[in-house]
Amino acid sequence: MIGKTHLAGGLATAAGACLLAKPGLGTGMIWVAGCAFGSLLPDIDHKGSTLGQKVKPVSAVIGAVAGHRNFFHWFLPYLILAVILHFAVPQADNITFAVFLGVLSHLFLDALNPSGVPLVPGHRVHLLRIHTGSGVDKAIGGLLYLFACIGVAVWGIRII
Ligand SMILES: [Zn+2]
């Protein structure tokens, strides 16, 4: 999936979380920002990605060492990191939770493309065969943006 679709997925995930949990404005904004960041984070292993372009030297090194859609697309390291952060920095749980949710949205959307994602080493998950940058990819992104906008608006109205 393209970066815009991943970002839309992260924002839609945050909107869904806000609709379900009904957090206050401050927490909800943290969730939106955290999910947005997390939705782009795994592609730091690709220097041409949305996030990779922002930190190109770092991304180039990570891509050369780890490869694209490899270690940075495994589920377990993110789960372990989230658990460690929960115990080490519990006051940042909202940020950790939001970034983790955003990462999950990224991994799910990448599992929709033909190469899939290696959630665990040596086992790729393919849910569909949607090519990155295709019309279907962009249509999914558009629908996710729509859901995110409506979801955040409804959540906003509810907390006012
Ligand atoms: Zn990816």
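Residues numbered from 1 in each chain as written. Predicted model: local features only at pLDDT ≥ 70, side-chain atom pairs only at ≥ 80, totals over all residues. Heavy atoms only, no water.

Visitor: Explanation requested: the coordination of the zinc ion in the structure shown.
Guide: In an ideal tetrahedron of four donors about a metal, each angle is 109.5 degrees. In an ideal octahedron of six donors, the angles are 90 or 180 degrees. Taken together, the protein donors to the zinc ion comprise Asp43 (OD), His73 (NE2), His106 (NE2) and Asp110 (OD), at separations of 1.9 to 2.2 Å. One can describe the donor arrangement at the zinc ion as irregular, given that its four donor atoms subtend angles of 89 to 165° at the metal. (Donors = N, O, S within 2.8 Å, 3.2 Å for Na, K, Ca; no water. Tetrahedral: all angles 85-135°; square planar, octahedral: opposite > 155°, others 65-115°.)

Visitor: Would you mind going over the packing of helix α1 (residues 3-21) against helix α6 (residues 93-110) with me for this structure?
Guide: To characterise two packed helices, one gives the angle between the axes of the helices and the distance between these axes. The contact between α1 and α6 brings their axes to 9 Å, and the two run at 130°. What the angle tells us is that α1 and α6 run oblique. For the pair α1 and α6, the crossing hand works out as right-handed. In contact with Thr5, His6, Gly9, Gly10, Thr13 and Ala17 of α1, α6 contributes Leu101, Ser105, His106, Leu109 and Asp110. Classifying every residue of the contact of α1 with α6 gives three nonpolar, seven polar and one charged. (Axes fitted to C-alpha atoms, helices over the stretch in contact; angles between N-to-C directions. Helix = DSSP H or I, 4+ residues; strand = E, 2+ residues; numbered from the N terminus. Parallel < 35°, antiparallel > 145°, perpendicular 65-115°, else oblique. Left-handed = near helix turned anticlockwise from the far one by under 90°. Contact = heavy atoms within 4.5 Å. Nonpolar A, V, L, I, M, F, W, Y, C, P; charged D, E, K, R; others polar.)

Visitor: When you look at the packing of aromatic side chains in this model, what are you seeing that I'm missing?
Guide: Two measures describe an aromatic ring pair: the distance that separates the ring centres and the angle between the ring planes. Under the counting rule described, the total for this entry stands at four aromatic pairs. Each ring, one from phenylalanine 75 and one from phenylalanine 100, has its centre 6.1 Å from the other, and the planes form 50°; the classification is tilted. Of this pair, phenylalanine 75 sits in helix α5 (residues 75-88) while phenylalanine 100 sits in helix α6, and the two are 25 residues apart along the sequence. Residue phenylalanine 75 is classed as partly exposed on the basis of its relative accessible area, which comes to 29%. Taken together, the ring pairs in this structure connect Phe71, Phe72 and Trp74 into an aromatic cluster. (Phe/Tyr/Trp six-rings, centres within 6.5 Å; stacked < 30°, edge-to-face > 60°. Buried < 20%, exposed > 50% of the residue type's maximum accessible area, 1.4 Å probe, protein only.)

Coordinates in, geometry out; function isn't part of it.
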